[in-house]
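The lines below spell out each chain.
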Amino acid sequence: MVEIKLKNVSKSFKDLKALDNVSLTIKDKEYFIILGPTGAGKTTLLKIIGGLIKPDSGEVLFNNKNVTKLSPGERNLGFMFENYALFPHMTIYDNIAYSSRVHARDPKQTQKIVEQVLMMTLLTGRNEALPEEMSGGMKQRVALCRALMNLEQTKLLILDEPLKALDAGLRMSLRRELLLMAKSQLLELTVIHVTNEEEEAMMLADRIAVMNEGKVVQVGTPYEIYYQPKNLFVANFMSEINYFNGKCVKNGEVLNHNNLNSEKLDDIFLQIKKSSIPMQIDIGMNNFLTAFIERKTYNEMKNGDRVLLVVRANHIKIRLGHRKKDKHNAILGRISRRKFMGVFYRFEVLVKINGSEKIIIVTNPATSEIHNSILEDSEVTIYFPEELGIIFKHPGKDVVNKVLKLE
Amino acid sequence: MTKQTEILSEREIIDEIELPFSLKFDRFFSKPVYRKSLDAITISFFILVVIGPIIFIFLTILLNISTIQKEVFNDKLLGDLKWQMMLESLIISFTIAAIAVAVDLVIAFPTAIILTRYKFRGKEIIDALVDLPMAVPTGALGFSILLFWGLFLIEPGFYLILLGHVVFTFPYIVRNMKIVLEKADVLYEDAARSLGAPGVTVFRTITLPMMKEGIIAGAILAFTRSLGETGATLILSGLVETSPILIVGFRRQLELPAASLLAGILIAISITLLFSVKFFTRKIGFPIKSVLPEFERRLSHRYLRYIRDGLVATIIIVMILVPSFYVISQVFDVTIIDEVFFGPDYKWAYLYVALMNSIQIAALAVIINLIFGIPFAFIIVKRNWGKAITFLDTILDIPIAIPSAALGFAVFMFWGPAGIGLFQPGFYMILFVHVTFTFPYMVRPIIGVLESTNVGVEEAARTLGASNMTVFRRITLPSIKQGIIAGCIMVFTRSLGETGATIVVMGGIRTVPVLIVDWVEANAFPSAIFASTIVIIFSAFLIFALRTVRKKGGE
Amino acid sequence: MNVTKTFDDGKVLAVDNISLIINDGDYIFLLGPSGCGKTTTLRMIAGLEQPTEGKVLIDGKDVEGVPPEDRDMGFIFQHFEIFDQMTVWENVTFGLEMRGYEEDYIIKEAKKALKTVELLEYADEYPSIFGNPGLQKLGIARAIATGAKILIMDEPLGSLDPKVSKVFRHELRNLIKDLGLTAIHVTHNQEEAMAIADKIIVMRAGRILQMGTPYELYENPKSIFVANFLGETNFFQGFVLKLLGDGIIKIWTRLGGPKLFCNDYGNGFNLDDNIVIAFRYEDIYLFPLNYNFEKSRYDWSKMEFFKAVLKSKRFIGSTKRFYLALDNDDKFLSTKPGTFVENYKPGEELIVGIHQDDIHVFKAPDDLMYELSLM
């Protein structure tokens, strides 16, 4: 049983605030991912949990016991470093057996376990190899084994960008292996995994904590992070987005739920619908868009408040011809660029909003229909379902620019 | 098709454009012919000036084997007394070197760790002070040590030599350890700590094995420096004779065959040592397996660490720093000014001439080494000559590894009347010796920065249209500037401080370190104090300059 | 061009007898796992390496012995290789200066290049103020300022954060297209290649496996490796049961047993040939057990159906993944768009459909593990 709590942890390096009042709870047997861009403070957070860095203030609790002052050796968790940090002067065997030797566990027992581990990871026969002789994928497995060997009662595995150093292709298959291992009944692991790749996070996590500039911005399941992001940063980080500046129209045309264009609904959309209500947004020139908004936020908003409507590129649908009247939330445009990307087609659609031109990004599954009919320079209609629009209070132009430019 | 013709026509235009003179010059000299001839000149310089004397000394011994036989082993009056003296001196030299290195290693470990891993106020200054004895002429250092331990009534002799050698070899070991410690990624230590290893275990199983090369490089350097030291030893030795002193003695009495033999033996031993250690370094493993976890855990306790740090700090201060600079505290004695400036024998005039000699020789050595050192470093790093490069790289270290008195004697034999006969002992021969033994000090730092410079940037410049020479002038040179300056300062300080090699070839010319030794031997202590203080301050200035350059390079 | 390059006195064959033609105005990708020889190929084109055998032709002229500075190509590096001792302005003007242009022209062109990448306001700063994206923009400006018509890029997005590179890659493509440049781009990231390439050359172990547009490669992979490397694919082993003429064959696989029909894509299979079939995750249709096919307006005649149990499902944003298992416990995967509406529960039995044309058939290789390893 492992439960990790961080209470108001802060850490600065000289002038740089690496962590700013971070509080988190990681549940037992959870695959917990910390996601954020480079320099968000992710690794610092890991090192504080691992005891390699002492926080300036705040507490780290394992099972409600304060371990802030304990040395890493006394925490007995498995820590896998970015670039693996395999001891270059030791063989694979010695690397894996290191923690057993340091803890003076029974040498015969150790030998048996290490040999088993080597067999499981298909590294048998490479016992005497040095890390420099191994390929990236092999090193990754050795580092993982070395970390696992240190687990005693605290079955906590900490992974710092475990797949970053690998080829893109290899990364895919190793993700699955990681997940299988983490969820194996035998090991009963709790995993904290740091990454800057949103796809990796979505693929592996039970819950994700999104970090930026030393703060935890949002914690939630992949679903929540994706469909109900707390702010523009989170929304933008998870996939390509489009945004519209607008004003909320609370007393606009009253919408009837039956009126909405997506009839069939998934559990999650139903949930979104239940907890929220639709609201109209005026983006100018008689363009009204509708999106669902949480009841609480809705109540806080006044008519005419400036809002930001965010729609993910893959939530916008595209159809040939100007048929705005059939659809809600529809805008007319012309395809300026189209590109086949494998599973998806990506379109850059030129639309006119409020007299100025704007590029809307649309990604749609690459069906043969799209491949054959929606070409560059085609006149198209783009539209999106109400429940997939995300409304934020407008954070100001500067913030929008900063977030979208990823600075 | 139209696009292609467009590109073509544009290219023709480019050919027509008149390039500025500097670019044309660069393009002209980028031709392989010039590169190859420069390579050839550099290599010939290296072989003739740096390696030639060493080979020649062995030749001399072989050619004069009968004379040596007659004079050293079967002298009519003395029998094999000279041989006995040589043997004895060798034993003394090796014993002192071995003990000094051992003592240094013990103190240097904690020192290096404190200076790299800890953060505290004044670290910079301590760091510089530890480096300083390396730059100060050993004569001055030896004199200071003589005065200091004289307070405790330690007479010149074996133990005083040992104390002196511990002091001036110490920085070589600490510095090399520091370099590897700074390079060694803290990540590995973190990894070991996260796997449950206490501090001492981390050090023994992770840090120490990764420092291996640095420790050994430092130890060799310190050992050979101790083996070859002359200046301080002359002052501290009393009646004891180490091998370099014996060479100086033979040379003074013009017993050239005996001196050749001893120089040859010293050089041979040093080279063998250098190569065997280089060869075996890779094979030595540190024990990483057997552990006494409980014992090491207790040893890792905080209080023990405090005690260790305190002890080391005391030893460094009492045994190394204070003796080194004790002489400065004596400079305020009134008699000094009297003796130096108003004495009957114009000591100040002597000192002034010697100082000028020293500076001129050092400056010229810097210039010559600069001219040949940069191309040589380029050859080592950039040329794709396979085994030849490895060979050149290894023999480059020889002048550092062999005792300078022996090297000086070899140069004397090679260029002097007994050999080619180009120079008589005097200014130019001193210069030649200094060029020879400082060459590696110039080349090594340049190799260091060249290896760490980014080849990609040079390729980027070439794809942008720069020729080889332009790339060198505009891209490479600015980025290796730090290494070149560091090399220059190293050469300058080493040349300024050298005693042994100078004595062997100086003829009537005096440099400052030699002057100090002379004055101490003549019991003109106040003048020696004055001269020592001047050189110590001058060296300190140089060391601080060097550190500033390094720091800028690091940023 | 048609070249072979060896390193270390011929012991290691880095690139083995490659021939490729790059047309004017194409955005070409050299794609392959680490160590496949793609960077070597690129460096030979740029003149930073010399081919051991063979020739590189530019505009029909043999460029053997022409040093890189005379090839007039812009090079963009993975680690940017910005001259950090020069200002942004000096970086950009360097190439122009080397060509001996007049000052007015240099100023005009450098300004134009800096404007293109939106760095003009930083002209007098030193590059150290930039993060990685800024440095790469500067690298691009420096390369295009000289007016080179060929742009060579070695993992230009490899040092950027994944999120940044996903945005930046489209900007890069748009810029290259707008300037009408010919570009050669090396990467190991297949997603990147698919996203922005006009044409992809897939390399492995020093050889070219296949080249074509992303669409051609994706829809018609010629080898198991390419099928696996580009996109996400399920593989099953089997053998040929019957030849039905018109390029249609009946096969036996562990997937659905002896009843699968598929197109042999001109492979000319014989009876009893051992084969491997491949189909994309996203080409799998899922239906509930009670689905009424007659009511549907689609033509199901060329679909193959079988049953499978849903083991688990995962939501990963733009897609949903379904982990499925057959009776014989063989597992495979299906993906659907993230907005795909379904309420399947783990443990539920589903009907799985694949269109015959979406099944790719390959001759069984000697070493399937090697073909499927992404190295």
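Note that the coordinates shown come from a computational prediction; the quantities given were computed from them, not determined experimentally.

**Regarding the overall build of chain B**
Phase 1: When helices and strands are tallied, chain B shows 26 helices and zero strands.
Phase 2: Here the C-alpha radius of gyration of chain B, 26 Å, is about what a compact globule of 555 residues would show, namely 24 Å.
Phase 3: Projected onto the principal axes, the alpha-carbon positions of chain B cover approximately 95 × 70 × 50 Å.
Phase 4: When contacts within chain B are restricted to residue pairs at least 6 apart in sequence, long-range pairs at least 24 apart make up 83% of them.

**Looking at the sheet that holds strand 5 (residues 65–66) of chain A**
Phase 1: In space, the four strands of this open sheet follow the order 2-1-4-5 (chain A), with antiparallel pairing throughout. The open sheet has two free edges, formed respectively by strand 2 (16–26) and strand 5 of chain A, since each of these has just one partner strand.

**A closer look at the nonpolar core**
Phase 1: In this structure, L309 of chain A together with A410 of chain B are the most contacted members of the largest nonpolar core, which totals 261 residues.
Phase 2: Examining the composition of this core, we find that 15 residues originate from one element, helix 21 (residues 427–452) of chain B, more than from any other.
Phase 3: Both of domain 1 (4–227) and domain 2 (240–404) of chain A provide at least three residues apiece to this core.
Phase 4: The residues touching A410 of chain B, leaving out its near neighbours within four places in the chain, are P53, I54, F56, I57, A263 and I267 of chain B.
Phase 5: By size, the runner-up hydrophobic cluster in this structure holds 99 residues, among which are F77, I82, V276 and V352 of chain C.

**A few points about the interface of chain B and chain A**
One widely used convention gives an interface's size as the accessible area the parts lose upon coming together.
Phase 1: Taken together, the 18 residues of chain B in the interface contact 19 residues of chain A.
Phase 2: Elements with a contribution of two residues or more to the side of chain B that touches chain A: helix 9 (186–194) and helix 10 (199–228) of chain B.
Phase 3: Counting residues per element, the side of chain B that touches chain A draws most heavily on helix 9 of chain B, at six residues.
Phase 4: In terms of residue class, the side of chain B that touches chain A is built from twelve nonpolar, three polar and three charged.

**As for the packing of helix 8 (residues 158–183) of chain B against helix 15 (residues 302–329) of chain B**
Packed helix pairs are characterised by how far apart their axes lie and by the angle those axes make with each other.
Residues and elements named next belong to chain B.
Phase 1: For the pair helix 8 and helix 15, interaxial distance at closest approach is 9 Å and the crossing angle is 105°. Judged on the interaxial angle alone, helix 15 and helix 8 are roughly perpendicular. Here V166, V167 and F170 of helix 8 lie close against helix 15, whose contacting residues are M319, I320, P323 and S324.
Phase 2: Residues of the contact of helix 8 with helix 15, tallied by class, amount to six nonpolar, one polar and no charged.

**Thoughts on helix 9 of chain B**
Phase 1: Among the nine residues of helix 9 of chain B, seven are classified as buried, and the element is accordingly described as predominantly covered.
Phase 2: Residues of helix 9 of chain B that are buried include every one of Y188, E189, D190, A191, A192, R193 and S194 of chain B, and no others.
Phase 3: Looking at the packing, one finds that the buried side of helix 9 of chain B touches helix 1 (42–50), helix 2 (72–75) and strand 6 (78–80) of chain A together with helix 10 of chain B.
Phase 4: Downstream of helix 9 of chain B by one or two residues, G196 of chain B has phi in the positive range, about 100°.

**Regarding the pairing of strand 19 (residues 331–337) of chain C**
Phase 1: Bridge count for strand 18 (residues 319–325) of chain C against strand 19 of chain C is seven bridges, and the pairing is antiparallel. The residue of strand 19 of chain C that forms the bridge with T319 of chain C is P337 of chain C.

**Things to note about the interface of chain A and chain C**
Phase 1: In this complex, chain A contributes 32 residues to the contact, which on the side of chain C involves 33 residues.
Phase 2: Secondary structure elements with two or more residues in the side of chain A that touches chain C: helix 6 (168–182), helix 7 (198–204), helix 8 (222–227), helix 9 (232–238) and strand 16 (330–340) of chain A.
Phase 3: Residues belonging to the side of chain A that touches chain C are distributed by class as follows: 16 nonpolar, eight polar and eight charged.

**Let's talk about the packing of helix 9 of chain B against helix 10 of chain B**
Residue and element names in this part refer to chain B.
Phase 1: Relative orientation of the contacting elements helix 9 and helix 10 amounts to 160°, with a least axis distance of 10 Å. The angle between the axes of helix 9 and helix 10 places the two elements in the roughly antiparallel class. Crossing angle aside, the handedness with which helix 9 passes helix 10 is right-handed. Here Y188, E189, A192 and R193 of helix 9 come into contact with helix 10, specifically with V202, T205, I206, T207 and M210.
Phase 2: Tallied by class, the residues present in the contact of helix 9 with helix 10 amount to five nonpolar, two polar and two charged.

**Concerning helix 3 (residues 92–102) of chain A**
All names here are of chain A.
Phase 1: For helix 3, a buried count of nine out of eleven residues is recorded, marking the element as mostly surrounded by other parts of the structure.
Phase 2: All of the buried residues along helix 3 are I92, N95, I96, A97, Y98, S99, S100, R101 and V102.
Phase 3: A positive backbone phi angle near 55° is found at A104, which sits one or two residues after helix 3.

**Some remarks on the sheet that holds strand 19 of chain C**
Residue and element names in this part refer to chain C.
Phase 1: The five strands are arranged 16-20-17-18-19 in an open sheet whose pairing can be described as antiparallel. Because the sheet does not close on itself, it has two edges, and the strands there are strand 16 (284–288) and strand 19. Looking at each pair of strands side by side, their axes are set apart by 45° on average, direction ignored.

**Overview of the environment of S324 of chain B**
Residues and elements named next belong to chain B.
Phase 1: Position of S324 relative to the elements: it lies in helix 15.
Phase 2: A tally of 23 C-beta atoms within 10 Å means that S324 is categorised as buried.
Phase 3: Measuring from C-alpha to C-alpha, the distance between S324 and F372 comes to 35 Å, with 48 residues separating the pair along the chain.
Phase 4: When neighbours within four sequence positions are excluded, S324 is seen to be in contact with P133, L141, S144 and V167.

**Section: unusual backbone geometry**
Residues and elements named next belong to chain A.
Phase 1: In this structure, N63 takes a positive phi of about 50° despite not being glycine.
Phase 2: Non-glycine residue N64 carries a positive phi angle of around 65°.
Phase 3: Of note, N64 is situated in the loop between strand 4 (57–62) and strand 5.

Thresholds applied
Residues numbered from 1 in each chain as written. Chains lettered and ligands numbered in written order. Predicted model: local features only at pLDDT ≥ 70, side-chain atom pairs only at ≥ 80, totals over all residues. Helix = DSSP H or I, 4+ residues; strand = E, 2+ residues; numbered from the N terminus. Rg over C-alpha atoms; globule rule 2.2 N^0.38 Å. Contact = placed C-beta atoms within 7 Å. Pairing = 2+ DSSP bridges. Core = buried A, V, L, I, M, F, W, Y, C linked by C-beta atoms within 7 Å. Buried ≥ 20, exposed ≤ 12 C-beta atoms within 10 Å, placed from the backbone. Domains from an automatic or database assignment. Nonpolar A, V, L, I, M, F, W, Y, C, P; charged D, E, K, R; others polar. Axes fitted to C-alpha atoms, helices over the stretch in contact; angles between N-to-C directions. Parallel < 35°, antiparallel > 145°, perpendicular 65-115°, else oblique. Left-handed = near helix turned anticlockwise from the far one by under 90°.

Spatial relationships are all this shows, so hold off on functional conclusions.
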